Amino acid sequence: MTAPVPIQLTVNGERVEAQVLPRLNLADFLRDQLGLTGTHVGCEHGVCGACTVRVDGEIVRACLLLAVQTHGMAVETIEGISDSGEVADLQAAFRMRNALQCGYCTPAMLMTAQDLLRHEPAPDREQIREHLSGNYCRCTGYHAIIDAVEATALARRGEAS
Amino acid sequence: MKASAFSYIKPSTVQETLALLAAHGEEAKLLSGGQSLMPALNLRLSAPEWLIDIGGLDDLRGISVSDGVLRIGAITRHVELLRSSEVADNAPLLAQAMAHVAHPAIRNKGTLGGNLAHADPASEMPACMVALDAVLVARNAKRERRIPATEFFTGVYETVLAPDEMLVAVEVPVAEVGQVHYFHEYCRRSGDYAIVGLAASAVVEGDRFADLRLGFFAVGDRPLLANAARELIGRSVDAAALAAAQAALEAELDPQEDQQASALMRRHMARQLLALCVATLLRRPDLEIRRSA
């Protein structure tokens, strides 16, 4: 009974059918079976946040979710929200503010920052820090990342940064 | 690391789940939100033969209030508790504490029942349940039983749940008029497990505690309902009374030493939290004198 299990889901708006082993986590499924390598794998026990994706509209840790659990669900990765232009301004702000550095944490930082801005369009710096607290940046670029998110929030509200 | 191989099954009813547990309980793990189970599997701390995914059991989801009891279904997610007006109105301690449970991406999946059944001694919710005198409702194929939170936790990752039992709900007495609460934890990063934490519920009448329940966490192998609270109930609290309560608390503690803190440091932090809690709830900033342990 450890044989592959059939699943159907949508990934970035496209219907996907696959056979997955029960133990395969969503991050590995996205990277290895679908070639969507923007979702990064860091700690694999929920600490670093590098694997953050959206499932049914809410951010989750892709390393703490089995691919079989996403049967019938809608998964969105950095490739999806990047291609749609949803986070184009946030990405530009990350470049402008030097919030990228090595880039390893960046896709998940963008997923998490966008999640905050969707729920709270006018966050203060403390709220930004709190919301991003589950995402590690190994270059310690935190201040620049907070700056970029704050600048994007201000710009989206029509205020200068 | 990756999880070892297991078989996966997703029952659609509670009865079906209980039958599976009756058949495979010793070799099975229930998968709810998975936010504690998946790390344990990935680190190979746990290697069950079966994973029983209870994520589809909608009977076990939801928050309701009736007859003075706030009832929370076992697979209600953390984010639902955080956003619930029923929880904010009737158990504000839970709402406040939930903001300290992990991070948004984890709170979107993690469930209350899963958190309690996992029984991490550094976790916030077990201590809240002890402080609030909650009752945990467990079921197997034959019967349902109701377990006071104070009797539920038996050690590190250990509870009184039998292999064929599952947690189905939590019942929290609705906060009464005059009931106040306190929550604080020390941790390295917002959202991490606590180094030491305190979840407290109290009734204050005038300048005294009519009731005080202190739920300390990360100071032993399970959440601690501190007997030291008795030193502070029904009397005018002064520095001497507080010092006596702190001494009584120290005698109860059995903190572990780990990479984050020595046992001595945890004792000091627990004493400090007791003073902060009492000073805050009684609105007596004069009691919050910082002194070395």
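Refer to the structure above for everything that follows.
Residues numbered from 1 in each chain as written. Chains lettered and ligands numbered in written order. Predicted model: local features only at pLDDT ≥ 70, side-chain atom pairs only at ≥ 80, totals over all residues. Heavy atoms only, no water.

(A) Highlighting the overall build of chain B. Counting its regular elements, chain B contains 11 helices and 14 strands. A compact globule built from 293 residues should have a C-alpha radius of gyration of about 19 Å, and chain B, at 19 Å, falls within 12% of that. The burial tally for chain B puts 53% of its 293 residues in the buried class. In chain B, 61% of the contacts between residues at least 6 apart in sequence involve partners at least 24 apart. Counting only carbon and sulfur atoms, one obtains 48% of the accessible surface of chain B, whose full area is about 12200 Å². On chain B, the mean spot of the 29 positive side-chain charges and the mean spot of the 36 negative ones are 4 Å from each other. (Helix = DSSP H or I, 4+ residues; strand = E, 2+ residues; numbered from the N terminus. Rg over C-alpha atoms; globule rule 2.2 N^0.38 Å. Buried < 20%, exposed > 50% of the residue type's maximum accessible area, 1.4 Å probe, protein only. Contact = heavy atoms within 4.5 Å. Areas by Shrake-Rupley, 256 points an atom, 1.4 Å probe, with all protein chains shown as cover. Lys, Arg positive; Asp, Glu negative; His and termini not counted. Charge placed at Lys NZ, Arg CZ, Asp CG, Glu CD.)

(B) Main features of the interface of chain A and chain B. Each partner contributes to the interface: chain A provides 28 residues, whereas chain B provides 33 residues. In this assembly, chain A packs against chain B so that about 2600 Å² is buried in total across both faces, 54% of it on carbon and sulfur atoms. Our count for the chain A to chain B interface comes out at 4 salt bridges. Its salt-bridge partner being R77(B), residue E58(A) comes within 3.1 Å of it at the nearest N-O pair. Where chain A meets chain B, there are 12 residue pairs in polar contact (both at pLDDT 80 or more). Listed by contribution, the elements that provide at least two residues to the side of chain A that touches chain B are strand 4 (58–61) and helix 5 (125–132) of chain A. The element best represented in the side of chain A that touches chain B is strand 4 of chain A, accounting for 4 residues. Residues belonging to the side of chain A that touches chain B are distributed by class as follows: 12 nonpolar, 10 polar and 6 charged. (Buried area = accessible area lost by both parts, 1.4 Å probe. Salt bridge = Lys/Arg side-chain N within 4 Å of Asp/Glu carboxyl O. Polar contact = N/O pair within 3.5 Å; in protein donor to acceptor, adjacent residues only side chain to side chain. Nonpolar A, V, L, I, M, F, W, Y, C, P; charged D, E, K, R; others polar.)

(C) Up close: helix 8 (residues 124–131) of chain B. Within helix 8 of chain B, 8 of the 8 residues are buried, which leaves it mostly tucked inside the rest of the structure. Within two residues after helix 8 of chain B, D133(B) carries a phi angle of roughly 60°, on the positive side.

(D) Structural view of the sheet that holds strand 10 (residues 166–173) of chain B. Residues and elements named next belong to chain B. One open sheet accounts for 5 strands, arranged 4-5-10-6-7; its pairing is antiparallel. Sheet topology places strand 4 (63–66) and strand 7 (144–148) at the edges, where each strand pairs with a single neighbour. Pairwise comparison of adjacent strand axes, ignoring direction, gives a mean angle of 25° for this sheet. Both strand 4 and strand 5 (residues 69–73) contribute to a ladder of 4 bridges, which runs antiparallel. Pairing of I63 across the sheet is with I72, part of strand 5. On top of the sheet, helix 1 (residues 14–24) reaches strand 6 (135–139) and strand 10; it is set at about 120° to strand 10, its chief contact. (Pairing = 2+ DSSP bridges. Axes fitted to C-alpha atoms, helices over the stretch in contact; angles between N-to-C directions.)

(E) Spatial organisation of the pattern of salt bridges. What the rule picks out here adds up to 26 salt bridges over all chains. With a shortest N-O distance of 3.0 Å, R54(A) and E76(A) are connected by a salt bridge. With R54(A) in strand 3 (residues 52–55) and E76(A) in strand 5 (residues 74–76), this pair connects stretches of sequence that are 22 residues apart. With a relative accessible area of 2%, R54(A) lands in the buried category. On the basis of relative accessible area, E76(A) is assigned to the partly exposed category, the value being 26%. Between R271(B) and E250(B) there is a salt bridge, with its nearest N and O atoms 2.9 Å apart. Residue R271(B) is found in helix 11 (residues 263–281), and its partner E250(B) is found in helix 10 (residues 239–252); the two are separated by 21 residues along the sequence. Using a relative accessible area of 17% as the deciding quantity, one classes R271(B) as buried. Looking at E250(B), the relative accessible area reads 21%, which means it is partly exposed. Each of the salt bridges in this network shares a partner with another, and the network as a whole consists of E58(A), R77(B), E80(B) and R83(B).

(F) Region of interest: the sheet that holds strand 4 of chain A. All names here are of chain A. If you trace the 5 strands from one edge of the open sheet to the other, you get 2-1-5-3-4, paired in mixed fashion. Pairing within the sheet leaves two strands with one partner each, and these edge strands are strand 2 (14–20) and strand 4. Here the strands of the sheet are splayed against their neighbours by 40° on average, with no regard to which way each runs. Strand direction decides the pairing type here: strand 3 and strand 5, joined by 2 bridges, are antiparallel. Bridging across to strand 5, V55 finds its partner in V75. Lying on the sheet, helix 4 (residues 106–119) is in contact with strand 3, strand 4 and strand 5; it crosses strand 3 at an angle near 45°.

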